[in-house]
There are 2 protein chains.
Amino acid sequence: MTTKITDEKISRLEELFASLPGLGPRSASRIVAELLTTRRPQAQRLCRDLSETLEAVHHCPRCHALTTRPMCVVCADQTRDKTVLCIVETPADLQAIESSVAYKGGYFVLMGRVNPLQAVGPEELGVNTLLERLDKEPIEEVVIATSYTPEGETTAHLLAGVIKKHKPQLKVTRLARGLPSGVEIEYTDAATIASAVAGRR
Amino acid sequence: MTTKITDEKISRLEELFASLPGLGPRSASRIVAELLTTRRPQAQRLCRDLSETLEAVHHCPRCHALTTRPMCVVCADQTRDKTVLCIVETPADLQAIESSVAYKGGYFVLMGRVNPLQAVGPEELGVNTLLERLDKEPIEEVVIATSYTPEGETTAHLLAGVIKKHKPQLKVTRLARGLPSGVEIEYTDAATIASAVAGRR
């Protein structure tokens, strides 16, 4: 019989890290060992920054993205087109759309997608904040920019329903589906080709 | 020109996580987003446990492994054979050797290996603690159980030199090299076969 040779405090810390997305027991042990030895200053900074940010963070009252300022950077920018609103799943998606320089309107960040198993429904994604904003601002079009994955599609479908019911005169669109740039048709999946054919112009 | 849409505090936290071993910018953003929303209790526990452990952790005065107790679990065990000492690189290696139930002696944990580029030499690996222990305890044999990798071999070579110089009458051994269990000879690399042939008995 072998007993596990452990130190309770260190192994509790390893378990905490191992439960984070993308990490397993081995990478967690390595991270903990480095944080406790060669990376002590970084570990102290991590404690301090994490607890400060946990205190300060909240959803932006306008776009629902996480921020530690009263209003997030995009919402505070007065130069954006106020008649279009783009709904994205995450700040990373927002960043990707910004990088395309093809969109100049406002954003609403869901900070996730509908997930019945984890009890994430439209309320958890801030739909109430979204509807209030549709009432208060001169928005004419809502672009639902969720991914074309099953969860993204479900999210888009539910959101479109809620928005249309709340304000039927609004134009609700989704990002075009089709062939990505720089990819050969030969290697493109059938679903993408089907959308590209249907959306031809 | 696209500017990065960021919140300084959140992105500082993301950078901290991204710099940990095994994590990149994407997994770091995901971890930070979850810690600040759905995993807040876990984040608070992480802050608390990490700062507590940073305070309490030190090298075991006997075997150099990290511990938060006065002496680590293995060293506190009075039933072990005190005449053999096994030198390992990490607590994970110690755990692997324990699982084999083939060794009942003491351990010395280097908490790393010699790495000239990161200025990790014998001193950083606690060689002084090791030599003191060789003087104080009735050790007759030292088993150097570093990996058969270039760094592991260098570490073993340096340690063997230091130990032999300090106490020439000590027996210094290394773990046997050879074929691993359950592996076909056909698929074994040449270096392993060469060691298995040389060490045949």
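Criteria and thresholds
Residues numbered from 1 in each chain as written. Chains lettered and ligands numbered in written order. Predicted model: local features only at pLDDT ≥ 70, side-chain atom pairs only at ≥ 80, totals over all residues. Heavy atoms only, no water. Salt bridge = Lys/Arg side-chain N within 4 Å of Asp/Glu carboxyl O. Buried < 20%, exposed > 50% of the residue type's maximum accessible area, 1.4 Å probe, protein only. Helix = DSSP H or I, 4+ residues; strand = E, 2+ residues; numbered from the N terminus. Domains from an automatic or database assignment. Pairing = 2+ DSSP bridges. Axes fitted to C-alpha atoms, helices over the stretch in contact; angles between N-to-C directions. Contact = heavy atoms within 4.5 Å. Buried area = accessible area lost by both parts, 1.4 Å probe. Polar contact = N/O pair within 3.5 Å; in protein donor to acceptor, adjacent residues only side chain to side chain. Nonpolar A, V, L, I, M, F, W, Y, C, P; charged D, E, K, R; others polar.

1. Here we look at the pattern of salt bridges
A pair can form between side chains of opposite charge whenever their charged atoms are brought close.
Consideration 1: On inspection of all chains with the given rule, the structure shows 24 salt bridges over all chains.
Consideration 2: Its salt-bridge partner being aspartate 49 of chain A, residue arginine 48 of chain A comes within 3.6 Å of it at the nearest N-O pair.
Consideration 3: Look at arginine 48 of chain A and you get partly exposed, because its relative accessible area is 46%.
Consideration 4: Given the relative accessible area of 3%, aspartate 49 of chain A is considered buried.
Consideration 5: Between arginine 174 of chain B and glutamate 153 of chain B there is a salt bridge; the shortest N-O distance is 3.1 Å. In this pair, arginine 174 of chain B is assigned in strand S6 (residues 171-174) and glutamate 153 of chain B in helix H7 (residues 150-166), connecting sequence segments 21 residues apart.
Consideration 6: Here glutamate 153 of chain B falls in the partly exposed class, since its relative accessible area comes to 30%.
Consideration 7: It is possible to trace a salt-bridge network through shared partners that takes in Arg12 of chain A together with Arg48 and Asp49 of chain B.

2. Notes on the domain arrangement of chain A
Consideration 1: With domains assigned, chain A is organised as domain 1 (8-56) and domain 2 (66-198).
Consideration 2: Measuring from the centre of the C-alpha atoms in domain 1 of chain A to the corresponding centre in domain 2 of chain A gives 33 Å.

3. A closer look at the sheet that holds S6 of chain B
Residue and element names in this part refer to chain B.
Consideration 1: Read across the sheet, four strands follow the order S4-S3-S5-S6 without closing on themselves; strand pairing throughout is parallel. Looking along the sheet, the strands with just one partner apiece sit at the ends: strand S4 (105-109) and S6. The mean angle between the axes of side-by-side strands here comes to 25°, regardless of whether they run parallel or antiparallel.
Consideration 2: Alignment of strand S5 (residues 141-144) against S6, held across four bridges, turns out to be parallel. Residue isoleucine 144 lies in a different strand from S6, and its bridge partner there is arginine 174.
Consideration 3: In the packing of helix H6 (residues 127-136) onto the sheet, contacts are made with strand S3 (81-88), S4 and S5, and the angle to S4 comes to roughly 155°.
Consideration 4: In the packing of H7 onto the sheet, the strands contacted are S3, S5 and S6, and the crossing angle to S6 comes to about 175°.

4. A look at helix H1 (residues 8-18) of chain B
Consideration 1: By the burial criterion, the buried members of H1 of chain B are Ile10, Ser11, Leu13, Leu16 and Phe17 of chain B.
Consideration 2: Residues of H1 of chain B that are buried sit in contact with helix H1 (8-18), helix H3 (40-56) and strand S2 (66-67) of chain A together with helix H2 (25-36) and helix H3 (40-56) of chain B.

5. Thoughts on the interface of chain A and chain B
Consideration 1: Facing 51 residues of chain A, the contacting portion of chain B comprises 51 residues.
Consideration 2: Approximately 5000 Å² of surface area, both sides summed, lies buried where chain A meets chain B, with 68% of it carried by carbon and sulfur atoms.
Consideration 3: For the interface between chain A and chain B, the tally reads four salt bridges.
Consideration 4: Aspartate 49 of chain B is paired through a salt bridge with arginine 12 of chain A; the nearest N and O atoms lie 3.5 Å apart.
Consideration 5: Run the count over chain A and chain B and you get 14 residue pairs in polar contact (both at pLDDT 80 or more).
Consideration 6: Put simply, the parts of the chain that give the side of chain A that touches chain B at least two residues each are H1, helix H2 (25-36), H3, S2, helix H4 (73-76) and helix H5 (91-99) of chain A.
Consideration 7: Broken down by element, the side of chain A that touches chain B gets its largest block of residues, 14 residues, from H3 of chain A.
Consideration 8: For the side of chain A that touches chain B, the class distribution of residues is 24 nonpolar, 13 polar and 14 charged.

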